[in-house]
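# Overview (structure and organization)
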Amino acid sequence: MKVKNNHLKILLAAPRGFCAGVDRAIEIVKKSIEKYGAPVYVRHEIVHNKHVVDGLKKIGAIFVEEIDEIEDKTRPVIFSAHGVPKSVPQEAESLNMIFVDATCPLVSKVHREAENLNKKNVQVLLIGHKNHPEVIGTMGQVASGKIDLIETIDDAKNYQRGKNDKLAYITQTTLSVDDTKDIINVLKERFPDIHEPKKDDICYATTNRQAAVKKIAKECDNLFVIGSRNSSNSVRLVEVAKNNGCENAELIHSESTFPLEKISKCKTIGISSGASAPEVLVNEFIENIKKNFTVEIEEVEIVKENVTFKIPGRLN
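Residues numbered from 1 in each chain as written. Predicted model: local features only at pLDDT ≥ 70, side-chain atom pairs only at ≥ 80, totals over all residues. Heavy atoms only, no water.

## Remarks on helix H3 (residues 87-94)
- Residues of H3 that are buried include every one of Val88, Pro89 and Ala92, and no others. For H3, the angular spread of the buried residues around the axis is 95 degrees, confining them to a single face. Those residues of H3 that are exposed and aimed more than 90 degrees away from the buried face are Glu93 and Ser94.
- Packed against the buried residues of H3 are strand S2 (40-43), strand S4 (77-79) and strand S5 (99-101).
- The first or second residue beyond H3 is Asn96, which carries a positive phi of 55 degrees. (Buried < 20%, exposed > 50% of the residue type's maximum accessible area, 1.4 Å probe, protein only. Helix = DSSP H or I, 4+ residues; strand = E, 2+ residues; numbered from the N terminus. Arc of directions from axis to C-beta. Contact = heavy atoms within 4.5 Å.)

Dropping the structure here:
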């Protein structure tokens, strides 16, 4: 199918794409390879994006799910941006391995909250998605049973508090701001004394990307989010678009075919990308559109991001 001279308006959400935590994690892998030589091992995908992972493989990163898969224990291992349970660095130490922690500092903040609450004998409720690496890492900061997972409003409604339990909640950093707010409201209504974080756990990048998508959603016939299927923040962006006026929102991932037919039925489309999706993928998508349409691009920026996180000193 070839469409010629069809005028198409693109609303390009900003901010979009890489956040400071993702930038830092990728830089940690590159600097580790520079310092220690190849290969270096990475436990779990450093960030949830195939393009990024494949690029790092080419320069000497080997990805594994668990430390026991690492054949050469003399080589360094890097922990992904999503964070790991405490048992993982303990295992690396017991094997005398060099390890570098690329956990996003905003995830580390949630880890510290969980630890501090646990020390005060507070039962922690973690709002998040079961089996997501970040949730596994956060729950692994304290002894089993000291954190209960709340995934849905129904979970919040049905949670049974222990007789003497003091309660607090924390959240996964990449959730939908709106969905999380609804769950928190239920918890506060049921448990008025529940302790909340001093500062919102949902990261600035997640909040900003969702706000940018909300801003353009109503004006779009279709909205495309460039990202990975296992990227929580990318999937949430699609949900946010659908909940804010653009029912025809979808994820464009590594196995997606270019949606030419859908775009040909549109006058205005929106484009955003998840916090682990490189801008090159957005540019490729737009270049494909330009082959078939006369394009007018308007970038809709709601806030400028200037956050940076330092990499570990040992890699400088």
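## Points about the environment of Glu296
- Mapping Glu296 onto the fold places it in strand S12 (residues 293-301).
- With 136 residues separating them in the primary sequence, Glu296 and Gln160 have C-alpha atoms 54 Å apart.
- The contacts of Glu296, once residues within four sequence positions are left out, are His7, Leu8, Lys9 and Ile10.

## Some details on the sheet that holds strand S1 (residues 6-14)
- Reading across from one edge, S10-S9-S11-S1-S12 is the order of the five strands in this open sheet, with parallel pairing throughout. Since the sheet does not close on itself, it has two edges, and those belong to strand S10 (249-252) and S12, each with one partner. The average undirected angle you get between the axes of adjacent strands in this sheet is 25 degrees.
- Alignment of strand S9 (residues 222-226) against S10, held across four bridges, turns out to be parallel. Bridging from a neighbouring strand, Ile226 pairs with Ile252 of S10.
- Across the sheet, helix H9 (residues 232-243) is in contact with S9, S10 and strand S11 (268-273); its angle to S10 comes to roughly 160 degrees. (Pairing = 2+ DSSP bridges. Axes fitted to C-alpha atoms, helices over the stretch in contact; angles between N-to-C directions.)

## Concerning the packing of aromatic side chains
- As enumerated under the stated definition, the model contains four aromatic pairs in all.
- The interplanar angle of 25 degrees and the centroid separation of 5.4 Å between the aromatic rings of Phe79 and Phe99 together place this pair among those described as stacked. Placement of Phe79 in strand S4 and of Phe99 in strand S5 is noted, with a sequence separation of 20 residues between them.
- Ring centres 5.5 Å apart and planes at 65 degrees place the aromatic pair Phe258 and Phe285 in the edge-to-face group. (Phe/Tyr/Trp six-rings, centres within 6.5 Å; stacked < 30°, edge-to-face > 60°.)

## Side note on unusual backbone geometry
- Here the amide bond leading from Ala14 into Pro15 is cis, since omega sits at 0 degrees, within 30 degrees of zero.
- Across the junction of Ala38 and Pro39, the peptide omega takes the value 0 degrees, indicating a cis bond.
- Among the secondary structure elements, Pro39 is positioned in the loop between helix H1 (20-36) and S2.
- Although it is not a glycine, His44 adopts a positive phi angle of roughly 70 degrees.
- Even without glycine at this site, Asn121 takes up a positive phi of about 60 degrees.
- Tracing the backbone shows Asn121 in the loop between helix H4 (105-119) and strand S6 (122-127).
- A residue is classified by how much of its surface remains accessible, and Asn121, at 63% relative accessible area, is exposed.

## Here's the deal with the sheet that holds S6
- Sheet architecture is open: three strands sit in the order S7-S6-S8, paired in parallel fashion. Of all the strands in the sheet, the pair left with one neighbour each is strand S7 (147-150) and strand S8 (166-171). Mean inter-strand twist for the sheet, computed between neighbouring axes without regard to direction, equals 30 degrees.
- In the sheet, S6 pairs with S7 via four bridges, with the strands oriented parallel. Each residue of the ladder has a partner; that of Leu126, found in S7, is Leu149.
- In this fold H4 packs onto S6, S7 and S8, with an angle of close to 175 degrees to the strand it touches most, S8.
- Lying on the sheet, helix H7 (residues 177-190) is in contact with S6, S7 and S8; it crosses S6 at an angle near 150 degrees.

## Here's the deal with the pattern of salt bridges
- Enumeration according to the criterion identifies 18 salt bridges in this entry.
- Here Glu239 makes a salt bridge to Arg236, at a shortest N to O gap of 3.0 Å. With Glu239 and Arg236 both in helix H9 and three residues apart, this pair spans about one turn of that helix.
- Under the relative-accessibility criterion, Arg236 is labelled buried at 10%. (Salt bridge = Lys/Arg side-chain N within 4 Å of Asp/Glu carboxyl O.)

## Concerning the nonpolar core
- Of all hydrophobic cores here, the largest spans 25 residues; its most connected members are Val29, Ile46, Leu56 and Ile78.
- At the level of elements, H1, S2, helix H2 (50-58) and strand S3 (61-64) are the ones that each hand at least two residues to this core.
- Top contributing element to this core by residue count: H1, with six residues.
- Not counting residues up to four positions away in its chain, the partners in contact with Ile46 are Ala25, Val29, Val52, Leu56, Phe63, Ile78, Phe79, Ser80, Ala81, His82 and Ala102. (Core = buried A, V, L, I, M, F, W, Y, C linked by side-chain atoms within 4.5 Å.)

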